[in-house]
Amino acid sequence: MSDEWVKIAAPATTSNIGPGFDTFGLAMSEPFDVVEGRAADSGIRIVEVSGPGSENIPMDSKINSVSIAAEQVLKRCGADFGIELKIRKGIRPCSGMGSSGASAAGGAYLANILCGERLSPTETILCAAHAEDVISGGLHADNVAPCILGGFTVIRSYEPFEVISIEPPKDLGMVVALPDIMVATSDSRKVLPEDVSVKNLVFHVGNASALVYGMVCGDLGMISRSVKDAVFEPARTKLVPHLKEAEKEALSNGALVSFLGGSGPCIMSFYDGNTNLGNTIAESVKAVYSKNNIKCDTWVTRPGIGCRRI
Ligand code: HSE
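Here we summarise the structure given alongside this text. What you see is a predicted model; the values in this text were computed from it and never measured. (Residues numbered from 1 in each chain as written. Predicted model: local features only at pLDDT ≥ 70, side-chain atom pairs only at ≥ 80, totals over all residues. Heavy atoms only, no water.)

Notes on the packing of aromatic side chains
Both the distance between ring centres and the angle between the ring planes are used here to describe each pair of aromatic rings. One pass over the full model with this rule turns up four aromatic pairs. Judged by centre distance (5.2 Å) and plane angle (75°), the ring pair of Phe259 and Phe270 falls under edge-to-face. Remark: Phe270 occurs in strand S9 (residues 267-272) and Phe259 occurs in strand S8 (residues 257-260); sequence separation between them is eleven residues. We note that Phe259, like Phe270, is buried. Above the face of the Trp5 ring, Lys86 is positioned so that its terminal group lies 4.3 Å from the ring centre. Across the ring face of Phe32, the terminal group of Arg308 is positioned such that the distance to the ring centre comes to 5.3 Å. (Phe/Tyr/Trp six-rings, centres within 6.5 Å; stacked < 30°, edge-to-face > 60°. Helix = DSSP H or I, 4+ residues; strand = E, 2+ residues; numbered from the N terminus. Buried < 20%, exposed > 50% of the residue type's maximum accessible area, 1.4 Å probe, protein only. Lys NZ or Arg CZ within 6 Å of the ring centre and 35° of its normal.)

Structure follows, in structure tokens:
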């Protein structure tokens, strides 16, 4: 058994994207987590955690996304060895940027390499989604799927599990603004309604279908018009101070659309990469928070590839 360290970059992702709660996801070029591991005699041991927010990441392998996902892979492959892990966070937890998803996907992807790549991408996604279920209070694969496959993904069905992978338009610019506010996915899921009305169902089906069409055809206008959410963002707005003002500022400064990223608190904006650099949008959202004495980090990025060995 080789004891060579294997290093994986696992990108941030944005999920929901308006109408696609728990189904749509999109990988970003940056930021990303780095998960490093090597085969060990037995058990899973986390030897190092570093990077933004790492003080809140447990070293206990029973409650850490990376190790839970990696253990699932070892189990599925019937592996007779353990793994030693190092985690460098590039995406802080409780951000709505797929932080736990990147850790879970990175852990599953890494373990699969150590097992000789015996699992298919879909099986690897399922191992990572199991970790999401344990950590964030609900089975959802809309972050781990794009994190592993890259690009834009649609979970067509959870049972049986089927995921569709679509290459997003190259000129789709993305600005992520992350105010210094913590929103745990488990808390953000608790405020959601139990049921949706037929009216809202019709609204979501129409917009979700059109958004997928826009991704397939590379139609930024259709994508932007379709990022609509009548149910989930309205329920979560109270968890993110100044959300609506931040979205409005982004729109006034060149964004095609601005919306709550995943379970929040990050604010996502799409822009036309042919005509805009994205920096003004980033600065405008940052300004909303700085005038309220809240620090806000921003990334100007593009759709990206999934987990990769570095
Ligand atoms: N779809 C999930 C949610 C993503 O909105 O709760 C969490 O990262």
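Here the narrative resumes, following the displayed structure.
So, the site of the ligand
Near the ligand you find Ser15, Asn16, Phe21, Asp22, His140, Asp142, Asn143, Thr185, Arg189, Arg236, Gly262 and Ser263, and these make up its full shell. Between the ligand and Asp22 there is a distance of 2.6 Å, counted from a nitrogen atom to a side-chain nitrogen or oxygen. Here an oxygen atom of the ligand and a side-chain polar atom of Arg236 are 2.8 Å apart. At the level of elements, strand S1 (6-16), strand S2 (20-40) and helix H5 (185-190) are the ones that each hand at least two residues to the shell around the ligand. For the shell around the ligand, a count of residues per class yields one nonpolar, seven polar and four charged. (Near = heavy atom within 4 Å. Polar contact = N/O pair within 3.5 Å; in protein donor to acceptor, adjacent residues only side chain to side chain. Nonpolar A, V, L, I, M, F, W, Y, C, P; charged D, E, K, R; others polar.)

Considering the state of the cysteines
Structurally, a disulfide amounts to a covalent bond that connects the sulfur atoms of two cysteines. Per the stated rule, a full pass over the model turns up zero disulfides. Cysteine Cys94 is unpaired, with the sulfur of Cys266 as its nearest cysteine sulfur at 12 Å. Of all cysteine sulfurs, the one in Cys266 lies closest to Cys296, which takes part in no disulfide; the gap is 9.8 Å. (Disulfide = S-S within 2.5 Å.)

Some remarks on the environment of Ile294
Structurally, Ile294 can be placed in the loop between helix H10 (279-290) and strand S10 (296-301). Sequence separation between Ile294 and Pro179 is 115 residues; the distance between their C-alpha atoms is 6.6 Å. Setting aside its immediate chain neighbours within four residues, Ile294 contacts Pro179, Asp180, Ile181, His242 and Tyr289. (Contact = heavy atoms within 4.5 Å.)

What to know about the nonpolar core
Counting residues in hydrophobic clusters, the biggest one holds 70 residues, and the most contacted among them are Ile17, Phe152 and Phe270. With eight residues, the single largest contributor to this core is helix H2 (residues 99-114). Residues contacting Phe152, with those up to four places away along its chain left out, are Ile17, Phe24, Gly25, Leu26, Ile164, Ser165, Ile166, Pro168, Leu211, Val212 and Met215. Among the nonpolar cores identified, the runner-up in size contains 19 residues, and Val183, Leu243, Tyr271 and Ala282 belong to it. (Core = buried A, V, L, I, M, F, W, Y, C linked by side-chain atoms within 4.5 Å.)

By themselves, these figures tell us nothing about what the structure is for.
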